[in-house]
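# Coordinate inspection notes
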Amino acid sequence: MPHLLFDRIDEPGLNTIPVYERRGGYSALRSALAMPPEAIIEEIKQSAIRGRGGAGFQMGQKASFLPKGEMAKYLVCNADESEPGTFKDRELMQKCPHALIEGIIITTYATGIHRAFIYIRGEYQLQADILDQAVAEARAAGLLGENILGSGHSLELVVHRGAGAYICGEETGLLDSLEGKRGNPRLKPPFPAIEGLYAGPTLVNNVETLSTVPTIINMGGAEYAKIGTQGSTGTKLISVSGDVQRPGNYEIELGTPSREIIYGLCGGPRDGRSVKMWFPGGSSSPVLLESDLDLAYDFDTLAKAGSMLGSGAIIVVDDSHSALEVMQKVVKFYAHESCGKCVPCREGTNWTLKMIERIEAGEATPMDLDILASAQSQIIGHCLCVLGDAMAMPVGSIVEKFRDELAEEIEAARERANSLTYATA
Ligand SMILES: Cc1cc2nc3c(=O)[nH]c(=O)nc-3n(C[C@H](O)[C@H](O)[C@H](O)COP(=O)(O)O)c2cc1C
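Summary of the structure given here. As the structure is a prediction and not an experimental result, all values here were calculated from the model.

### Some points on the nonpolar core
Counting 58 residues, the largest nonpolar core has Tyr-26, Leu-100, Ile-101, Ile-104, Ile-105 and Ile-118 as its most contacted members. For Tyr-26, the contacting residues outside a window of four places in its chain are Ile-17, Tyr-20, Glu-21, His-98, Ile-101, Glu-102, Ile-105, Ala-138 and Leu-143. Counting residues in hydrophobic clusters, the runner-up holds 48 residues, among them Tyr-119, Met-327, Val-331 and Phe-402.

Here it is as structure tokens:
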């Protein structure tokens, strides 16, 4: 499998400019600064790279939505990485921060942006310190600041630490937080490319997306597009966690069979256990089953199968866990993280948690499963952002796919509660 971002990622000192440059680092920037800005956008468009943060929108297309000309425009790198199961950006920033900085400088040159921010989640203290050091080193080397490498392009890059809220990964919540407000999603449109940070046109991209830009410039967009599948080009960093023998971050070619990832790379579940369900794109993706393991791991195939690639976080659940337990873990997270701005999300996540607690307490009937499922459909598509959907999608899929097991669990819990009542009477 080709390694582009993770090529010799563990080399000591790769977080410093001398080692990064010895490996060819900042050569893409030098080539890019000799190209007209529009030609760089064209290369990114030709690469057809889709955003690596969750929504999978083509980066080249998004960058071309920004108005041309001199005005206060911004680039914001989304390093919030709060989706449960996702930890790939952490490794990239920690081990190879200059790939991100180089990607940011190239992208700002291509779009005429002179101010950029890396918004990093509050818990990533080590990675934020490493980024601060790397930014200072880049500035001292003339790669940031005024007239970068004599090109006439200037860029101020600031690393901004969040306070640890999932909603601040949603791009407009992130922008509010960056402006010093409480992180709440905004009504869209207008999208950030038209009206974003401080009401200026803003390009928001994920760490992995921006870190890939130097590779695209070095290879050429058309060459990059030959990797992966037609609709999902390139390689993807995936974070694999849960019940596998070798969890961790891996770089795969998009389109690799999911079985090859879960069993081949990650060793599958422990001996004697089998895959009960798996989340292909973080805890917000609808679950898939063992029978789906032969699906190609790419944006379109997973969407066709009723789920999504999301941030590329695969969470494997083996048959030692109950569907109810999995559902409860997911719901607790989203109920805690709902920002409370939209009623369907604020009320829906909390009511879903209460309904699950009712099941556990033996107070539910199988009919409650219909109510649980219908509550999810009242959330999906009814809020300013998809945080509520991020709970409703996996919950809806678990109720649908494990209905019999959940109905048995309801009966068993009722019997337990009844016997307890008789015993104490
Ligand atoms: C609730 C919520 C949380 C999100 N968290 C992240 C995140 O932590 N990192 C990220 O890159 N994108 C996250 N996203 C997606 C961003 O809104 C946005 O689509 C992304 O940063 C765009 O970058 P990309 O096009 O390079 O993927 C989140 C979206 C939602 C709705």
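### Details of the state of the cysteines
Within this structure, the stated rule accounts for zero disulfides. With no disulfide of its own, Cys-342 lies closest to Cys-383 among cysteine sulfurs, the gap being 4.8 Å. Just so you know, Cys-345 is unpaired, no disulfide at all, and the nearest cysteine sulfur is the one on Cys-383, 5.2 Å from it.

### Some thoughts on the pattern of salt bridges
The tally for this structure, following the rule as stated, stands at 29 salt bridges. A salt bridge links Glu-170 to Lys-188; the nearest nitrogen and oxygen atoms lie 2.5 Å apart. In this pair, Glu-170 sits in the loop between strand E3 (156-161) and helix H8 (171-178) while Lys-188 sits in the loop between H8 and strand E4 (202-206), placing the two residues 18 residues apart along the sequence. Under the relative-accessibility criterion, Glu-170 is labelled buried at 15%. The class for Lys-188 is partly exposed, based on a relative accessible area of 23%. The partner of Lys-226 in a salt bridge is Glu-223, and the shortest N-O contact between them spans 2.9 Å. Residue Glu-223 is classed as partly exposed on the basis of its relative accessible area, which comes to 39%.

### Observations regarding the packing of helix H5 (residues 88-95) against helix H7 (residues 125-140)
Between H5 and H7, the least distance of the axes is 8 Å, while the angle of their chain directions is 35 degrees. For the pair H5 and H7, the crossing hand works out as left-handed. Contacts from Arg-90, Met-93 and Gln-94 in H5 reach Leu-126, Gln-127, Ile-130 and Leu-131 in H7. For the contact of H5 with H7, the class distribution of residues is four nonpolar, two polar and one charged.

Reading the values: the criteria
Residues numbered from 1 in each chain as written. Predicted model: local features only at pLDDT ≥ 70, side-chain atom pairs only at ≥ 80, totals over all residues. Heavy atoms only, no water. Core = buried A, V, L, I, M, F, W, Y, C linked by side-chain atoms within 4.5 Å. Buried < 20%, exposed > 50% of the residue type's maximum accessible area, 1.4 Å probe, protein only. Contact = heavy atoms within 4.5 Å. Disulfide = S-S within 2.5 Å. Salt bridge = Lys/Arg side-chain N within 4 Å of Asp/Glu carboxyl O. Helix = DSSP H or I, 4+ residues; strand = E, 2+ residues; numbered from the N terminus. Axes fitted to C-alpha atoms, helices over the stretch in contact; angles between N-to-C directions. Left-handed = near helix turned anticlockwise from the far one by under 90°. Nonpolar A, V, L, I, M, F, W, Y, C, P; charged D, E, K, R; others polar.

By themselves, these are just geometric observations and shouldn't be taken as functional.
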